[in-house]
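Geometric and topological summary
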Amino acid sequence: MNLDEVKSIAVLGLSPNETKASFIVSKYLQEKGFKIIPIYPKEDFILNERVYKNLDEVKENIDLVLMFRKGEFASELFETILKKGIKRFWLQLGIKNDDIKEKCAKNKISFVQDKCIMKELEAKK
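Keep in mind the model is a prediction, meaning the values are calculated, not measured.

1. A short note on the sheet that holds strand E6 (residues 88–91)
Strand order across the open sheet formed by five strands is E2-E1-E5-E6-E7, with parallel pairing between neighbours. Taken across any chain shown, the strands that pair with only one partner, and hence form the sheet edges, are strand E2 (35–39) and strand E7 (110–112). Strand-to-strand twist of the sheet, defined as the mean angle between neighbouring strand axes without regard to direction, takes the value 15°. In the sheet, strand E5 (residues 64–67) pairs with E6 via three bridges, with the strands oriented parallel. For Met67, the partnering residue across the bridge sits in E6 and is Leu91. With respect to the sheet, helix H1 (residues 21–31) is in contact with strand E1 (8–12), E2 and E5, its orientation differing from that of E2 by roughly 155°.

In structure tokens form, the structure reads like this:
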């Protein structure tokens, strides 16, 4: 997946806990110039960004959805991604959903699973 055109990233499951991978990766992405849109049910602000309870609430443009939830949750998210016209869906390291991989391919949505976006960006340096 080419990340050069990505500016805004909705992060599903962005924990406010600074020791969690979702927080560490999101902070890194912010430092690299990406606009982070946190999706988390229990906070108002994470990393100085307004938090949304779910993807449906987000009105601003989303270039990529980055998911830090169990693989089966991708199935719940897919319809919203399709409806919003989001063209990139990334399941973080350790997260897989082959059914959604097939659906993304059929709908021309770039899809990555079981890879760390931070490690992939670091490798491009």
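Picking up after the structure, the text goes on.
2. Things to note about the layout of surface pockets
Within this model, the largest pocket holds a volume of roughly 220 Å³. Residue lining of the largest pocket: 15 residues in total, with Leu12, Ile39, Lys53, Arg69 and Phe73 positioned closest to the centre. The leading source of residues in the lining of the largest pocket is helix H2 (residues 73–84), at four residues. Residues belonging to the lining of the largest pocket are distributed by class as follows: seven nonpolar, three polar and five charged.

3. What about the pairing of E1?
Look at any regular strand and the pattern is simple: side chains alternate between the two faces of the sheet. Counted residue by residue, E1 has five buried out of five residues, so it is predominantly covered. Burial along E1 is two-sided: Ser8, Ala10 and Leu12 facing one way and Ile9 and Val11 facing the other are all buried. Sheet analysis places E1 next to E2, joined by five bridges and oriented parallel. From the neighbouring strand, Leu12 faces E2, where its bridge partner is Ile39.

4. Considerations on H1
Among all positions of H1, only Ser22, Phe23, Val25, Ser26, Tyr28 and Leu29 are buried. In this structure, the buried residues of H1 make contact with E1, E2, strand E3 (45–46), E5 and helix H4 (117–123). Immediately downstream of H1, the backbone of Gly33 shows phi near 100°, a positive value.

5. Some details on unusual backbone geometry
Backbone geometry at Asn48 places phi at a positive 60°, although glycine is not the residue there. Relative to the helices and strands, Asn48 resides in the loop between E3 and strand E4 (49–50). On the basis of relative accessibility, which here comes to 77%, the residue Asn48 falls in the exposed class. One non-glycine residue, Asp114, lies in the positive phi region at around 60°. Tracing the sequence through the fold places Asp114 in the loop between E7 and H4. According to the relative accessible area criterion, Asp114 is partly exposed, its value standing at 33%.

6. Overview of the pattern of salt bridges
Within this structure, the stated rule accounts for seven salt bridges. Measuring nitrogen to oxygen at the nearest pair gives 3.3 Å for the salt bridge that ties Arg88 to Glu5. In this pair, Arg88 is assigned in strand E6 and Glu5 in the segment before E1, connecting sequence segments 83 residues apart. Among the ionic pairs, Glu49 bridges to Lys35, the shortest N-O distance being 2.6 Å. Highlighted residues: Glu49 in strand E4 and Lys35 in strand E2, separated in sequence by 14 residues.

Rules and cut-offs
Residues numbered from 1 in each chain as written. Predicted model: local features only at pLDDT ≥ 70, side-chain atom pairs only at ≥ 80, totals over all residues. Heavy atoms only, no water. Pairing = 2+ DSSP bridges. Helix = DSSP H or I, 4+ residues; strand = E, 2+ residues; numbered from the N terminus. Axes fitted to C-alpha atoms, helices over the stretch in contact; angles between N-to-C directions. Contact = heavy atoms within 4.5 Å. 1 Å grid on protein atoms, 1.4 Å probe; cavity = no way out; pocket = protein on both sides within 12 Å on 5 of 7 lines; lining within 4 Å. Points joined across faces, edges and corners; volume = space filled by probe spheres on them. Nonpolar A, V, L, I, M, F, W, Y, C, P; charged D, E, K, R; others polar. Buried < 20%, exposed > 50% of the residue type's maximum accessible area, 1.4 Å probe, protein only. Salt bridge = Lys/Arg side-chain N within 4 Å of Asp/Glu carboxyl O.

Nothing here speaks to function; it is all geometry.
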